Amino acid sequence: MELAKMNDFLDRIPMKKIYLLMVCLLAVIQVMAQNRTVSGTVYDKIGPLPGVSVIIAGTTNGAATDADGKFSIKNAPATGKLIFTLIGFNTRELVLDKKIVYNVTLEEEAQDLGEVVVVAFGVQKKPTVTGAIASVSGKELRQSPAANLTNALAGRLPGLFSQQNSGQPGKDAANLQIRGVSSFRGGTSPLFIVDGIQQESIGQIDMNEVENISILKDASATAVYGVKGANGVIIITTRRGKTGEPQVSFSAQSGVNMVNRMPKFLDSYNALTLLKESYVNDKIGANFPYSETDMEHFRSGDMPEVYPNVDWYKELMNKASVQTQYNANISGGTESVKYFVSAGYLDQGGIFKNFKESETDNGYYFKRYNFRSNVDINVNKNLDLTLDLSSQLQNVNQPHPREAGRSVFNQLMRLGAAPYSFPIYNPDGSYGAPVETNMHPNMVAQLTLAGYDRSYQTDLSTTVSATHKLDFLLKGLSAKAQMAFSNNQYSLKNLYRDDYPTYRYNATNASYLLWNPAAPVLRPYILSTGNQAPKTITDIQTSLNYTNTFGKHNLSVLALYNQNTKLVGSNRPISYLGYVGRMTYNYNHRYLLELNAGYNGSNSFNNQNHFGFFPAVSAGWVLSEEPFIKNHAKFIDFMKIRGSYGLVGNDDIGIALDTYAYLSTYVNSGSYSFGESNATYTGLAEGKIGNPNLNWEKERKSNIGFETQLFKSKLNITADYFDNYRYDIITTRATVGQIVGVTLPEMNMGKVSNKGFELEIGHNNNIGKVGYFLKANVAYAKNKVLERDEPQKAYDYLMATGQSVNQPFGWTAIGFWTAEELANANNARQTGVLSPGDIRYKDLNNDGVINDNDKGPIGNPIIPNTTFGFSAGANYNGFDFSFLLQGSRNSSLTLNSELVYDNLGKFQEFHLGRWTPETAATATYPTLHFSNGVNRVASSFWQYSGDYLRLKNVEIGYTLTPAVIKRVGIQSLRLYTNASNIFTWDKVKIVDPESPSGRGENYPQQRVFSFGLNANF
């Protein structure tokens, strides 16, 4: 009965209404499907991963993971794909289905055997690379608070030799060499390439802009650079955008710089005690200018305005200076346009005090502004465009020196800075002054009143490139055109005074004597400005690239044309032009072959020597692809042996190339009178003789390498042995006497051998939630001069030939003379008045006389032949920790003059170890002299081992994940503290072991301690 009623009811409903109801139901279902929300969590091998871009393919609908790695996307379709991207990780795709929760783990690109390596004019898959290349990521470099990029490289790359000679803000770049030194005349710095374009320096690039740095070491990697490849190549790749939502990152870092090491001088009383001793030793004690009463006043310090005790370092320098750095960058894009934009600011303070009486900022400081924009445009499936813009604005300030060419640190080391010479301020408040006019004046007055020297530098670079696929002509063929333009502007502004009034106070009659009568009053500042000639560099590259696979055969061919022109002001341009060819082939990624060649040259040489041909060949064998490895040694994930041989050149030959050294020159010489007016005219004389056959240096490089990854890539080992032979080194003949009466031409006739090895070992693993890594590297490069034009000397050990490049020579110290030894007339001795405690030298030729024939090789060159580094780190639940140990061996510092000698009125703590009859058995310094300079000559006594081990970097960080961060729109926030140059273990003690030889006048290296944060939005 009920069923019949229901049927009767349905029969009365019009059919069109039923259809309408069905459509409405379907629409509701569709809307519900479109409005569904999908979510999930993204992980890496350690834990949740923040900042990952999650986007629905083909749309702009997406999200980014929060600090806990979680994401949520509304209005997700029922079908399609989720794309997960993050810089430094492999992109993942997941297919959308009925699920609403999608969890995924991303793998780091560095752990992928498909990782690409930056090579000359391109990239290659790491397993198939046959050249010697080492690389470091920008992420690793950013663990260092160093202001200059070059100082963050030390200890991180096997084969890269780094020495930082100065810590001055804005002028603290390290000297870099790849595989040591192979020339005694030419430049030894590598070629710098940034995003494919040659640059003259890299130190002021913001580390936040760097994606990766690679060093190319053997001929296979550098031959394509021809005349510029012999010293190796450093390639910097800057960051670029990836598909996904905009990723905004902000970092701020602030800290303090502290002097790493300074000489420790004695106070007035102790310094004068030693000075008096030196007078007595030279038998001129009666001339000592201070009485016993004076000495007592110096000891007690009761009359400082007359008997001063000035610690000049303490009075002039702060204990620390401030360094701050900020960077903001944004990256992202679509399939059509990707972008990376970065802006940075650095403010690096100096350690000199700013005295309140000063009217200007007379201290040291450095300010830098960085900007970079990298844009990639996919016009269509065949055409890609890039537009890169970068700029650096630099401002360096330093105190105006009293003497041109001197620095204020040099003045600190000289006689005027003795603690007892004069007070800073006289009783009436005027500036004190020394007794004699040849001494340096009051340096507090100088820093307050003398003004500053300031420089401004602007570097602008633009690069435009287009890459077009030519598959319609030949599958795998593409063409690329690239043009870069850079401009450098440098200007000076000096605001200074030549002199200022200082006075010598006479306590006897309470009078004041003006130190310099020419400066009775404080005169106005002098303003001096100037501009250096602008420098422009234009670089043009066009290339054809072919890549294809034929079954198991993989082939890649590159043909490239390159032209580079540098113009400085109105000078003649220096131009380079070259052709590059490269062919890489592998069979089944197992057997590898690569041929490289560069045919290029320079207009700095004559027409016959414009161009040179630089070929290289390399081969490799991936043993891990062989069945006997795959089937029987499964713990081996990857193993490869490789070798290379080739020829490269070096046109940095120690001669200004714009002088055209192949041409003879004429110089002004004398004068003559001519004509009815008997006018005087300047004469001409033959100058340096030109050499039409002059050419660049050349180097034959050979290399054998081994690479392996074991135990699921947890252990990585790379080893290389190299043998470099540099010839045609530029030198001037020294075997031709001056009787020829002209300046002899440069010749290609020097030869140097440089051999060595490199080893790098890395290990990474996870134990539960703890991830850790260990990495160690060591490099050894021993050079030897095989041929150098020099006069034949009496003994072979006096010759530079056969020694290391820049080997120091001098007498070999064998202890201190005793009275008994001096009494023995048979003992060989040097000329001069000798006394017990003076340095005794070795008689190398056993002729009974110490003279120039006994000045043999001593110590080692300043550049070490061995460098090493060890880094390690760990992370756990948001905490991370890392450190870097770095050092070198087999180098020597030779110190002299004000830094170590005893005749300048200033004494340091090590002078307390001087020789006396009572300390003869334990003395570490010779007997003191005032006027007798018998010990102040080049000898091994003044040499110090430059070997050192340094705790280069330490960083501790924590990534916050509390809910409060999400509420303010921050995806992740990392707080950290780091430091550099923390501890140094060495034998120098007086100055930093990386300091240059000499008198210690360079601005000292700094220790940096900083705190920072990095926020991602």
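Residues numbered from 1 in each chain as written. Predicted model: local features only at pLDDT ≥ 70, side-chain atom pairs only at ≥ 80, totals over all residues. Heavy atoms only, no water.

## Notes on the nonpolar core
Then, number 1: Counting 60 residues, the largest nonpolar core has Trp312, Leu316, Met317, Phe352, Phe409 and Leu412 as the members making the most contacts within it.
Then, number 2: Those elements giving two or more residues to this core turn out to be helix H5 (268-281), helix H6 (292-300), helix H7 (312-316), helix H8 (408-412), helix H9 (443-449) and strand S41 (839-841).
Then, number 3: Core analysis: the second largest hydrophobic core is formed by 21 residues, Ala134, Phe192, Met207 and Val210 among them. (Core = buried A, V, L, I, M, F, W, Y, C linked by side-chain atoms within 4.5 Å. Buried < 20%, exposed > 50% of the residue type's maximum accessible area, 1.4 Å probe, protein only. Helix = DSSP H or I, 4+ residues; strand = E, 2+ residues; numbered from the N terminus.)

## Here we look at the sheet that holds strand S5 (residues 81-85)
Then, number 1: Overall, antiparallel pairing links the four strands, which are arranged S3-S2-S5-S6 in an open sheet. The open sheet is flanked by strand S3 (62-64) and strand S6 (92-95), the only strands paired with a single partner. Strand-to-strand twist of the sheet, defined as the mean angle between neighbouring strand axes without regard to direction, takes the value 15 degrees.
Then, number 2: Here S5 runs beside S6; their pairing, made up of four bridges, is antiparallel. Bridge assignment links Phe84 to a residue of S6, and that residue is Arg92. (Pairing = 2+ DSSP bridges. Axes fitted to C-alpha atoms, helices over the stretch in contact; angles between N-to-C directions.)

## A closer look at H6
Then, number 1: Among all positions in H6, only Asp294, Met295, His297 and Phe298 are buried. Buried residues along H6 cover an arc of 160 degrees about the axis, so they all sit on one side. Away from the buried face of H6 by more than 90 degrees, exposed residues Glu292 and Thr293 are located.
Then, number 2: The inward-facing, buried residues of H6 contact H5. (Arc of directions from axis to C-beta. Contact = heavy atoms within 4.5 Å.)

## What about the packing of H5 against H6?
Then, number 1: At a minimum axis distance of 8 Å, the contact between H5 and H6 shows a crossing angle of 150 degrees. Residues Ser268, Tyr269, Leu272, Thr273 and Lys276 of H5 form the contact with H6, whose own contacting residues are Glu292, Met295, Phe298 and Arg299.
Then, number 2: Across the contact of H5 with H6, the residue classes break down as four nonpolar, two polar and three charged. (Nonpolar A, V, L, I, M, F, W, Y, C, P; charged D, E, K, R; others polar.)

## Details of the sheet that holds strand S4 (residues 70-73)
Then, number 1: On the basis of which strands lie adjacent, the open sheet formed by three strands has the order S4-S1-S7 and mixed pairing. With partners counted over all chains shown, the strands left at the sheet margins are S4 and strand S7 (104-105), one partner each.
Then, number 2: As paired elements, strand S1 (residues 38-43) and S4 share four bridges and run antiparallel to each other. When the sheet's bridge partners are listed, Thr41 is paired in S4 with Lys70.

## Looking at a nonpolar patch on the surface
Then, number 1: Together, Val248, Phe250, Tyr326 and Phe1017 make up a nonpolar patch on the protein surface, roughly 310 Å² of accessible area in all.
Then, number 2: The topology assignment puts Phe1017 in the segment after strand S49 (1006-1016).
Then, number 3: Judged by its relative accessible area of 33%, Phe1017 falls in the partly exposed class. (Patch = residues over 30% accessible without salt bridge, like charges linked within 9 Å, V, L, I, M, F, W, Y side chains within 5 Å. Areas by Shrake-Rupley, 256 points an atom, 1.4 Å probe, with all protein chains shown as cover. Salt bridge = Lys/Arg side-chain N within 4 Å of Asp/Glu carboxyl O.)

## Observations concerning the UniProt feature "domain: TonB-dependent receptor plug" (unreviewed entry) in the protein chain
Then, number 1: Residues given the UniProt feature "domain: TonB-dependent receptor plug" (unreviewed entry) here are residues 128-233.
Then, number 2: End C-alpha atoms of residues 128-233 are separated by 20 Å, and the span's content is 8% helix alongside 26% strand. (UniProt positions renumbered as here; feature names shortened; annotations may be inferred.)

## With respect to the pattern of salt bridges
Then, number 1: Under the defined criterion, the tally for this structure stands at 41 salt bridges.
Then, number 2: Put simply, Arg497 and Glu359 hold a salt bridge, and the shortest N to O gap is 3.4 Å. Here Arg497, found in the loop between strand S23 (477-496) and strand S24 (503-506), pairs with Glu359, found in the loop between strand S19 (337-349) and strand S20 (365-378); they are 138 residues apart in sequence, far enough to count as distant.
Then, number 3: With a relative accessible area of 6%, Arg497 lands in the buried category.

## As for empty space enclosed by the protein
Then, number 1: Scanning the model with the defined rule gives ten cavities of 30 Å³ or more in all.
Then, number 2: Lining the largest cavity are 18 residues, and of these Phe121, Gln198, Tyr225, Lys228 and Asn562 lie nearest its centre.
Then, number 3: Where the lining of the largest cavity is concerned, the elements lending two or more residues are strand S13 (191-194), strand S27 (535-550), strand S28 (553-568) and strand S29 (574-587).
Then, number 4: By residue number, the principal contributor to the lining of the largest cavity is S29, which donates four residues.
Then, number 5: Here the second largest cavity is characterised by a volume of approximately 150 Å³.
Then, number 6: In terms of lining, the second largest cavity is formed by 16 residues, of which the most central are Ala146, Asn151, Gln164, Asn981 and Val1008. (1 Å grid on protein atoms, 1.4 Å probe; cavity = no way out; pocket = protein on both sides within 12 Å on 5 of 7 lines; lining within 4 Å. Points joined across faces, edges and corners; volume = space filled by probe spheres on them.)

## Some remarks on the side chain of Glu697
Then, number 1: Relative to the assigned elements, Glu697 resides in strand S35 (residues 697-710).
Then, number 2: On the basis of relative accessibility, which here comes to 0%, the residue Glu697 falls in the buried class.
Then, number 3: Here the side chain of Glu697 touches Ser183 through a polar contact of 2.8 Å, side chain to side chain.
Then, number 4: When neighbours within four sequence positions are excluded, Glu697 is seen to be in contact with Ser183, Gly186, Val648, Gly649, Asn650, Ile653, Arg726, Tyr727, Asp728, Ile729 and Ile730. (Polar contact = N/O pair within 3.5 Å; in protein donor to acceptor, adjacent residues only side chain to side chain.)

## Re the side chain of Asp854
Then, number 1: With respect to the helices, strands and loops of the structure, Asp854 is situated in the loop between S41 and strand S42 (856-857).
Then, number 2: The buried charged residue Asp854 lacks any salt bridge partner; its closest oppositely charged side chain belongs to Lys855, at an N-O distance of 9.5 Å.
Then, number 3: Setting aside chain neighbours within four positions, we find Asp854 in contact with Tyr797, Gly810, Trp811, Lys842, Asp843, Leu844, Asn845, Asp847 and Val849. (Lys, Arg positive; Asp, Glu negative; His and termini not counted.)

## A few points about the pairing of strand S21 (residues 383-399)
Regular strands show a simple pattern: their side chains alternate between the two faces of the sheet.
Then, number 1: Bridge count for S20 against S21 is 14 bridges, and the pairing is antiparallel. Across the sheet, the residue bridging to Ser373 is Leu389, located in S21.
Then, number 2: The hairpin turn running from S20 into S21, its antiparallel successor, is four residues long.
Then, number 3: Bridge count for S21 against strand S22 (residues 451-469) is 17 bridges, and the pairing is antiparallel. The residue of S22 that forms the bridge with Ser391 is Leu460.

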